[in-house]
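Per-entry structural report
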Amino acid sequence: MCTWKGETKIGVVGVPFDKGQPRIGVANGPNAIRKAGLVDKLRNILNSRSKHQGGRLREHHVRAQQRNRKKVPNMREYAHVACCNCELSKKVEQIIREGQICLTLGGDHSIGIGTVDGHIKAKNKDVCILWIDAHADLNTNKTSTTGNVHGMPMALLASELADYWPYLPGMDWQQPVVSIRNVAYIGLRSVDSYERLVIDKLGITAFGMGEVEDYGISTVVNMALEKIDPERERSIHVSFDIDALDALEAPSTGTCVRGGLTLREGVHAMEMVHRTGRLGALDLVEVNPSIGTEQDVKRTIEAAIHVIQAAFGHSRKGLSPGNPTLPV
Ligand SMILES: NC(=[NH2+])NCCC[C@H](N)C(=O)O
Ligand SMILES: [Mn+2]
Ligand SMILES: [Mn+2]
């Protein structure tokens, strides 16, 4: 289990992958986020921790080459997606096994297949998932109206949906082993009708924007964690699609939907996850620096960085300097 007692290690993986959706630019997400100073900001957080705690950060990349030409009906660029996620899963598994908390920068949300798979392999299935997103990403190739795989990762991961998929060549490394009982959605507001059917039929824990409105973000996060991890012992995987945030906060993304989370709500949710001491992996996906004006891009990247910093312990009340003596 990852705890914040003792040294904290963070492994940052950039995945410049865009084949899960049709718009160009999202592959530049990781670079744009790093360029805006993410790594230094995370190092500052680690340095603010006291001497015996401290921390280390390592950077990694996953760049996958397509190795086959296998096709699956209504899954665009299938071979690329299968190949990238295979590499990514191995990388994430290795990072978590080494005791690092894994931060994956996307890329489009199809990379959630590999990150969750790797986390589950490293932790022997003792994982629960917060999928923070405007969308449920729960389509199969039979229900998707777009054929974009970034709308399918949760359906590929869920054991309860295994029988609804055809044989997927080149995906044998990936077994749908996540029970939907250990998954909660937060921020939904654009759910396709078959996705709605699946959520209702399987009783998936799902907090849409209506529930965020009714209960407030803090209660929603507590209810979500209580449902998916009542014993409070699982490693938490947060898959944060930047489009969970309102289009005003994060305009530079491919499928933005208005009426979403404020940045304050996103940050607060991540602060709560941090306080559990059980964050095992965080994905931050779908930042597309080719969409919108320069201002839009800047705002979106800043929002992404605030969300990430909160998950790794940045405090809006201010961080201590690490060295507890006041300079004279
Ligand atoms: N990760 C995302 N932004 N997903 C958007 C999915 C949109 C739509 N439900 C689809 O399946 O195509
Ligand atoms: Mn989304
Ligand atoms: Mn998504």
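Here's a quick rundown of the structure. Position labels on residues start from 1 in each chain and follow its written sequence. In the order they appear in the text, chains get letters beginning with A and ligands get numbers beginning with 1. Reporting of local features is limited, given that this is a predicted model, to residues whose pLDDT is at least 70; pairs of side-chain atoms are given and counted only at 80 or more, and all residues count toward the totals for whole chains, interfaces and linings. For the side-chain quantities, the full set of heavy atoms in the structure was used; hydrogens and water were omitted.

**Notes on the overall build of the chain**
- Here a strand is any run of E in DSSP of at least two residues, a helix any run of H or I of at least four, and the numbering for each starts at the N terminus. Secondary structure summary: the chain contains 10 helices and eight strands in total.
- For 328 residues, the compact-globule estimate of 2.2 N^0.38 gives 20 Å, and the chain sits close to it at 19 Å.
- Reported as C-alpha extents along the three principal axes, the dimensions of the chain are approximately 70 × 45 × 45 Å.
- The buried label goes to any residue with under 20% of its type's maximum accessible area, the exposed label to any with over 50%, and the partly exposed label to all in between, with areas taken from a 1.4 Å probe on protein chains only. Residues classed as buried in the chain amount to 59% of the 328 residues present.
- By definition, residues are in contact when any of their heavy atoms lie within 4.5 Å. Within the chain, residue pairs in contact and separated by at least 24 positions form 76% of the contacts whose partners lie at least 6 positions apart.
- Only the protein chains shown count as covering a residue, and every accessible area follows the Shrake-Rupley method with a 1.4 Å probe. Counting every atom, the chain has about 14500 Å² of accessible surface; 49% of that belongs to carbon and sulfur.
- Under this rule, positive means Lys or Arg and negative means Asp or Glu; His and the chain ends count for nothing. Every charge is mapped to an atom, namely NZ of Lys, CZ of Arg, CG of Asp or CD of Glu. Here the chain holds 40 positive side-chain charges and 37 negative ones, and the gap between their average locations is 6 Å. For this measure, only C-alpha atoms enter the radius of gyration; the expected value for a globule follows 2.2 Å times N^0.38, where N is the number of residues.

**As for the site of ligand 1**
- Near ligand 1 you find His109, His135, Asp137, Asn139, Thr146, His150, Gly151, Asp192, Asp241, Asp243, Thr255 and Glu286, and these make up its full shell.
- Separating a nitrogen atom of ligand 1 from a side-chain N or O atom of Asp241 is a distance of 3.2 Å.
- Thr255 has a polar side-chain atom sitting 2.9 Å from a nitrogen atom of ligand 1.
- When isolated, ligand 1 has an accessible area of 350 Å², and the protein chains bury 94% of it.
- A class-by-class count of the residues in the shell around ligand 1 yields no nonpolar, seven polar and five charged. When at least one non-hydrogen atom of a residue lies within 4 Å of a molecule or strand, that residue is treated as near it. N or O atoms closer than or at 3.5 Å make up a polar contact, with two conditions inside protein: a donor-capable atom paired with an acceptor-capable one, and, for residues adjacent in sequence, both atoms drawn from side chains. Each residue gets one label: Ala, Val, Leu, Ile, Met, Phe, Trp, Tyr, Cys and Pro are nonpolar, Asp, Glu, Lys and Arg are charged, and the others, such as Gly, are polar.

**What about the coordination of the manganese ion (ligand 3)?**
- Ligating atoms shown are N, O and S within 2.8 Å of the metal, or 3.2 Å for Na, K and Ca, and water is not included, meaning a site may look less than complete. For the manganese ion (ligand 3), the protein coordination sphere consists of His109 (ND1), Asp133 (OD), Asp137 (OD) and Asp241 (OD), at 2.0 to 2.2 Å.
- Mapping the donors of the manganese ion (ligand 3) onto the primary sequence yields the spacing H-x23-D-x3-D-x103-D.
- The manganese ion (ligand 2) is placed at 3.2 Å from the manganese ion (ligand 3), the two being bridged by Asp133. Remark: Asp133 occurs in the loop between strand S4 (127-132) and helix H5 (153-157) and His109 occurs in the loop between strand S3 (100-106) and helix H4 (112-122); sequence separation between them is 24 residues. Taken as a pair, His109 and Asp133 share a single burial class, namely buried.

**As for helix H8 (residues 217-228)**
- Taking 1.5 Å as the rise per residue, H8 with 12 residues should run 16 Å; its terminal C-alpha atoms sit 16 Å apart, in good agreement.
- All of the buried residues along H8 are Ile217, Val220, Val221, Ala224, Leu225 and Ile228. Viewed end-on, H8 has its buried residues packed into an arc of 125°, placing them on one side of the element.
- The inward-facing, buried residues of H8 contact S4, strand S5 (183-188), strand S6 (205-208), helix H7 (209-215), strand S7 (235-241) and helix H9 (263-276). Multiplying 1.5 Å by the residue count of a helix minus one yields the expected span of that helix. Here the arc refers to the directions that run from the helix axis out to each C-beta atom.

**What to know about the pattern of salt bridges**
- Salt bridge, as used here: a side-chain nitrogen of Lys or Arg that lies within 4 Å of a carboxyl oxygen of Asp or Glu. Tallied over the full model, the rule gives 12 salt bridges.
- Lys121 is paired through a salt bridge with Asp117; the nearest N and O atoms lie 2.6 Å apart. Of this pair, Lys121 and Asp117 both sit in helix H4, separated by four residues, roughly a single helical turn.
- We classify Lys121 as partly exposed; its relative accessible area is 32%.
- A relative accessible area of 4% places Asp117 in the buried class.
- The partner of Glu271 in a salt bridge is Arg316, and the shortest N-O contact between them spans 2.8 Å.

**A closer look at the sheet that holds S5**
- Any two strands with at least two DSSP bridges between them are considered paired. Judged by pairing direction, the sheet is parallel, and its eight strands sit side by side in the order S2-S1-S3-S8-S7-S4-S5-S6 without closing on themselves. Across the chains shown, the open sheet's two edge strands, defined by having one partner strand only, are strand S2 (55-61) and S6. Averaged over all neighbouring strand pairs, the angle between strand axes comes to 15°, with direction disregarded.
- Bridge count between S3 and strand S8 (residues 279-285): four bridges; the pairing is parallel. Bridge pairing in S8 links Leu105 to Leu284. Axes, fitted as lines to C-alpha atoms, cover a helix only where it is in contact. Angles between the N-to-C directions of the axes lie from 0 to 180 degrees.

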